[in-house]
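Each chain, written out:
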Amino acid sequence: MFKTVLFPIDQSREAREAADVVTNVVQKYGSHLVLLSVVEESSPDTPSADPMVSPEAVAKLLRDAQALFSQQGIPSEILEKQGKPAFTICDVADEIGADLIIMGCRGLGLTEEGATDSVTTRVINLAPCPVLIVP
């Protein structure tokens, strides 16, 4: 049913909590797991301490996540992209033919429109496949 599962990650608590659901779904359906992290385009409004604007921090986050899933016997592919998170997540889901996107209810980022529009909300509205949101 879910041949390819896309798990976009950032350094939020919600992303870490969603990892358990990803593990269960991938094991149950024998899915191919793709881990994605987006290096956000830096701007004057982006604080320099934001870890998601550092390609090195994002690469380490992906390696650590891959190791975590590997310890549970789940092979995964990692992708690091640059851009606006919601659009990039949806573009990658389309490119890889994802059958499901699993993500936390709210990650680190809000869109430039502010608190009323999170990355998760945008992904729900733009995704080319079902999206499972983990509270």
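Residues numbered from 1 in each chain as written. Predicted model: local features only at pLDDT ≥ 70, side-chain atom pairs only at ≥ 80, totals over all residues. Heavy atoms only, no water.

As recorded in an unreviewed UniProt entry, the protein goes by the name Universal stress protein, listed as coming from Anabaena subtropica FACHB-260. In UniProt, the protein has this text filed under Sequence similarities (unreviewed entry): "Belongs to the universal stress protein A family." (UniProt positions renumbered as here; feature names shortened; annotations may be inferred.)

Novice: Summarise the confidence of the model for the protein; cite the residues concerned and give the values.
Specialist: Per-residue pLDDT for the protein averages 87, and the proportion of residues at 70 or more is 83%. Ranking the elements of the protein by mean pLDDT puts strand S5 (residues 110-111) last, at 48, and strand S1 (residues 4-8) first, at 98. (pLDDT = per-residue confidence, 0-100. Helix = DSSP H or I, 4+ residues; strand = E, 2+ residues; numbered from the N terminus.)

Novice: Just give me the short version of the nonpolar core, but keep the residues and values in it.
Specialist: Counting residues in hydrophobic clusters, the biggest one holds 21 residues, and the most contacted among them are Val5, Phe7, Val22, Leu33, Leu35, Phe69 and Ile102. Among the secondary structure elements, those contributing two or more residues to this core are S1, helix H1 (13-29), strand S2 (32-40), helix H2 (55-71) and strand S4 (100-104). Those residues in contact with valine 5 that sit more than four places away from it in its chain are Val25, Val26, Ser31, His32, Leu33, Val34, Leu100 and Ile102. By size, the runner-up hydrophobic cluster in this structure holds 16 residues, among which are Val38, Val92, Ala98 and Met103. (Core = buried A, V, L, I, M, F, W, Y, C linked by side-chain atoms within 4.5 Å. Buried < 20%, exposed > 50% of the residue type's maximum accessible area, 1.4 Å probe, protein only. Contact = heavy atoms within 4.5 Å.)

Novice: Outline the side chain of threonine 4, supporting the account with residue identities and numerical values.
Specialist: Considering the arrangement of structural elements, one finds threonine 4 in strand S1. Beyond its immediate stretch of four places on either side in the chain, threonine 4 contacts His32, Val34, Ile96, Gly97, Ala98, Asp99 and Leu100.

Novice: Provide a residue-level description of the side chain of threonine 23, including the pertinent values.
Specialist: In this fold, threonine 23 is placed in helix H1. Contacts of threonine 23, omitting those with residues within four sequence positions, involve Phe69, Gln72 and Ile74.

Novice: Account for the packing of aromatic side chains, naming residues and giving values.
Specialist: Counted according to the given criterion, the structure contains 2 aromatic pairs. Consider the rings of phenylalanine 2 and tyrosine 29, whose centres lie 5.1 Å apart with planes at 85°: the pair is edge-to-face. You can see phenylalanine 2 sitting in the segment before S1 and its partner tyrosine 29 sitting in helix H1, a full 27 residues away along the chain. With a relative accessible area of 16%, phenylalanine 2 lands in the buried category. Measuring from ring centre to ring centre gives 6.1 Å for phenylalanine 7 and phenylalanine 69, while their planes differ by 90°; the resulting arrangement is edge-to-face. Here phenylalanine 7, found in strand S1, pairs with phenylalanine 69, found in helix H2; they are 62 residues apart in sequence, far enough to count as distant. For the pair phenylalanine 7 and phenylalanine 69, one class covers both residues: buried. (Phe/Tyr/Trp six-rings, centres within 6.5 Å; stacked < 30°, edge-to-face > 60°.)

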